[in-house]
Amino acid sequence: MRCWLFFNREVAPGVPEAPEILRFQETAKMLDIELHVLKPSEFDLVVDSNDTWSASYQGRDLRKPDLIIPRCGSETSYFTLAVLRHFERQGVAIANSPAAIESVSDKLHTLQVVAGAGLPVPKTILGKFPVDVNLVERELGFPVVVKKLKGTRGNGVVLCRDRSQFDDLANLLDGAANGADFLFQQYIRASHGRDVRVLVINGQIVAAMERQSADGGFKSNISLGGHGRPFPAPPEMADLALKVTRALNLDIAGIDILFDEHGYRVCEANSAPGFQGLERACGLDVPAVIFRAMARKFGIRISHSDRWTHTIETAARNALDALPTPRPAASPQPTTPLLQPAPIRRRPRPS
């Protein structure tokens, strides 16, 4: 398999997502996958009516890949989407289509799609400046969560505990905001400092991890010091995560779910979910599962295919056998087994 992985930044120390890119490279080497990490902005995009393959990167022509895995997430720009559409038109398999990536790169658009599918989300107001504080208090009450429209790893999210604190922030935003860049969102008290990240790949729940704040704050992100532990997703939560993934047409998704007094609510969805904490918590090789699942979905042959199929399916059966037997429900909900492939012995890195 020849694979391109799209990433906006340098794979360098200090870049939060760099360890995950290195994991993809490490796993690709073990699977004999030819993997190239490329910056979408370095492509020269030429559109014409010719059906022949064309890809110019940093002034040189590239051979056609079997698969593209975008890892730009919320930083996906118009240019990146244009590049992805170009290769989609030329018949390259893409793990998460450009349309799906565009839907989840904007948090409000994500909520609009999910709510439109009849799934529970926190009540949300699109920021308009000057801020109508009375509207926010009437519709959402306090505390209230303030989020940037685009953000990742918990950045650009704050909790305003009362009207006075919100007034101060609103005055600051009025002076700094350029258009509608912020969301005001209902605070879900039952989920203070904790949520669940559900990883869904090719329509199957691969793992779920409960994240908890380490300092009593309301954000639980692992990148901000939160703790993660394996979490056997209850049928209702598993069904919700799968419905969100289908509504957004995602092949690879990290669905963040909040605990509510009466069940669960969808916080957000990620098309390039971070997985460092999830790998540690669940003993999972996420890149291996992604490569294998996308190869199966798009009919791409990879080396060690039979061995990986046996490894993953055996681990899935073992994980299912280890789960407690659920109590019978009045209305059975469709569920997907929690797939947790066993840790894979890696080649030692050169010293």
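The coordinates are above.
These lines cover the structure that appears in this document, whether it is placed above or below. (Residues numbered from 1 in each chain as written. Predicted model: local features only at pLDDT ≥ 70, side-chain atom pairs only at ≥ 80, totals over all residues. Heavy atoms only, no water.)

With respect to the packing of aromatic side chains
- Applying the stated criterion across every chain, the model contains 15 aromatic pairs.
- Where Phe24 meets Phe275, the ring centres are 5.8 Å apart and the plane angle is 75°; that geometry is what we call edge-to-face. With Phe24 in helix 1 (residues 18-30) and Phe275 in the loop between strand 16 (263-270) and helix 8 (276-282), this pair connects stretches of sequence that are 251 residues apart.
- The class of Phe24 is buried, set by a relative accessible area of 0%.
- Ring plane angle 65° and centroid distance 5.3 Å describe the contact between Phe43 and Phe87, whose orientation is recorded as edge-to-face. (Phe/Tyr/Trp six-rings, centres within 6.5 Å; stacked < 30°, edge-to-face > 60°. Helix = DSSP H or I, 4+ residues; strand = E, 2+ residues; numbered from the N terminus. Buried < 20%, exposed > 50% of the residue type's maximum accessible area, 1.4 Å probe, protein only.)

Describing the environment of Asp51
- Summarising the element assignment, Asp51 is placed in the loop between strand 3 (43-44) and strand 4 (56-57).
- Asp51 sits 38 residues away from Arg89 along the chain, and the two C-alpha atoms are 9.4 Å apart.

Topic: the environment of Val11
- Within the secondary structure, Val11 is located in the loop between strand 1 (2-6) and helix 1.
- Taking the relative accessible area as the measure of exposure, Val11 reaches 33% and is therefore partly exposed.
- In the structure, Val11 is positioned 10 residues away from Ile21 in sequence and 7.1 Å away in space, judged by C-alpha atoms.
- Ignoring sequence-local partners within four residues, the contact set of Val11 consists of Ala18, Ile21, Leu22 and Val37. (Contact = heavy atoms within 4.5 Å.)

Focus on unusual backbone geometry
- Cis geometry marks the peptide bond from Phe129 to Pro130; its omega dihedral reads 5°.
- By the secondary structure assignment, Pro130 is in the loop between strand 8 (124-126) and helix 5 (133-139).
- A cis amide bond links Phe142 with the next residue in sequence, Pro143, at an omega value of 0°.
- Of note, Asn96 is a non-glycine position whose phi angle comes to about 90°, a positive value.

Here's the deal with the sheet that holds strand 1
- As summarised here, the arrangement of the 4 strands in space is 2-1-6-7, forming an open sheet in which the pairing is parallel. Bordering the open sheet on either side are strand 2 (34-38) and strand 7 (93-94), each of which pairs with just one other strand.
- Pairing of strand 1 with strand 6 (residues 67-70) involves 4 bridges; the strand directions are parallel. Pairing of Leu5 across the sheet is with Ile69, part of strand 6. (Pairing = 2+ DSSP bridges.)

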